[in-house]
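# An overview of the molecular structure
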Amino acid sequence: MRELRAVVGGEGNGGVILPEVHLGRDAPLGIALILQLLAETGKPLSAIAGGLPRYVIVKDKLDRPKASLESVYSSLREAFADARVDTQDGLRLAWKDRWLHVRHPGPSPSCA
């Protein structure tokens, strides 16, 4: 976030990061930003939310095949060869309109 000079960031778990306050996740900060938006716009939350694009998050856990994690990641990369690959935190395959993020439950091995 520092490198990109991001104004705000966050994660799907509700943690919001506002660099001008601190670089840690902070769920109550998200509520504060929403309250500020409501005060500044004078619009109800339903009107604000209604004007935003809809996204769906599907979180699931699957049994890992009896193969090395590197082999599983390699198979996924081959199956989705058109995806942009990021291996900073597990395996993230991204397209323009969606992404798939696969992580091992423990520390992620290097799969670069």
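Each remark here, short or long, concerns the structure printed above.
A brief structural summary. (Residues numbered from 1 in each chain as written. Predicted model: local features only at pLDDT ≥ 70, side-chain atom pairs only at ≥ 80, totals over all residues. Heavy atoms only, no water.)

### A few points about the nonpolar core
Note the following rule: To form a nonpolar core, buried Ala, Val, Leu, Ile, Met, Phe, Trp, Tyr and Cys residues must be joined to one another through side-chain atoms within 4.5 Å. Buried, partly exposed and exposed residues are distinguished by accessible area as a fraction of the type maximum, computed with a 1.4 Å probe on protein chains only: under 20%, between the cut-offs, and over 50%, respectively. Every helix listed is a DSSP run of H or I at least four residues long, and every strand listed is a run of E at least two residues long, numbered separately from the N terminus. Any two residues whose heavy atoms approach within 4.5 Å are treated as being in contact.
The biggest cluster of nonpolar side chains holds eight residues, and these are Leu-69, Val-72, Tyr-73, Leu-76, Ala-83, Leu-91, Leu-93 and Trp-95. When residues of this core are traced back to their parent elements, those giving at least two are α3 (69–79) and β4 (91–94). Ranked by residue count, the leading element in this core is α3, at four residues. Setting aside anything within four residues of it in sequence, one finds Ala-83 in contact with Leu-93, Ala-94 and Trp-95.

### Section: the packing of aromatic side chains
Spelled out, the test is: Any two of the Phe, Tyr and Trp rings considered here, Trp counted by its six-membered ring, make a pair once their centres fall within 6.5 Å; the pair's planes then place it as stacked at under 30 degrees, edge-to-face at over 60, or tilted in between. Only lysine NZ and arginine CZ atoms are considered, and such an atom sits over a ring when it is within 6 Å of the ring centre and within 35 degrees of the ring normal.
Here the structure, examined in full by the defined rule, presents one aromatic pair. Seen in terms of ring centroids, Phe-80 and Trp-95 are 5.7 Å apart; in terms of plane orientation they differ by 80 degrees. Their pairing is edge-to-face. A residue pair is termed long-range when its members are at least 10 positions apart, and Phe-80 in the loop between α3 and β3 (84–86) and Trp-95 in the loop between β4 and β5 (99–102) qualify at 15 residues. Using a relative accessible area of 32% as the deciding quantity, one classes Phe-80 as partly exposed. Lying over the aromatic face of Trp-95, Arg-98 brings its terminal NZ or CZ to 4.4 Å of the ring centre.

### Examining the environment of Gly-24
Looking at the element boundaries, Gly-24 is found in the loop between β2 (16–17) and α1 (27–41). Residue Gly-24 is classed as partly exposed on the basis of its relative accessible area of 26%. It is 9.9 Å that separates the C-alpha atoms of Gly-24 and Gly-9, two residues lying 15 residues apart in sequence. Setting aside its immediate chain neighbours within four residues, Gly-24 contacts Val-16 and Ile-17.

### Topic: the sheet that holds β4
Let me state the cut-off plainly: Strand pairing requires that DSSP identify at least two bridges connecting the strands. To get an axis, a line is fitted to the C-alpha atoms, and for a helix only the part in contact is used. The angle between two axes follows their N-to-C directions and goes from 0 to 180 degrees.
The strand order across the open sheet built from three strands is β3-β4-β5, with neighbouring strands paired in antiparallel fashion. Across the chains shown, the open sheet's two edge strands, defined by having one partner strand only, are β3 and β5. Along the sheet, successive strands turn relative to each other by an average axial angle of 15 degrees, direction set aside. With three bridges joining them, β3 and β4 adopt antiparallel strand pairing. Residue pairing across strands places Arg-84 opposite Ala-94, the latter belonging to β4. Across the sheet, α3 is in contact with β3, β4 and β5; its angle to β4 comes to roughly 5 degrees.

### Points about α3
Selection rule: Arc definition: it is the arc formed by the directions from the helix axis to the C-beta atoms.
All buried positions along α3 are accounted for by Leu-69, Val-72, Tyr-73 and Leu-76. What you see down the axis of α3 is that its buried residues fit within an arc of 95 degrees, all on one side. On the buried face of α3, the contacting elements are β4 and β5.

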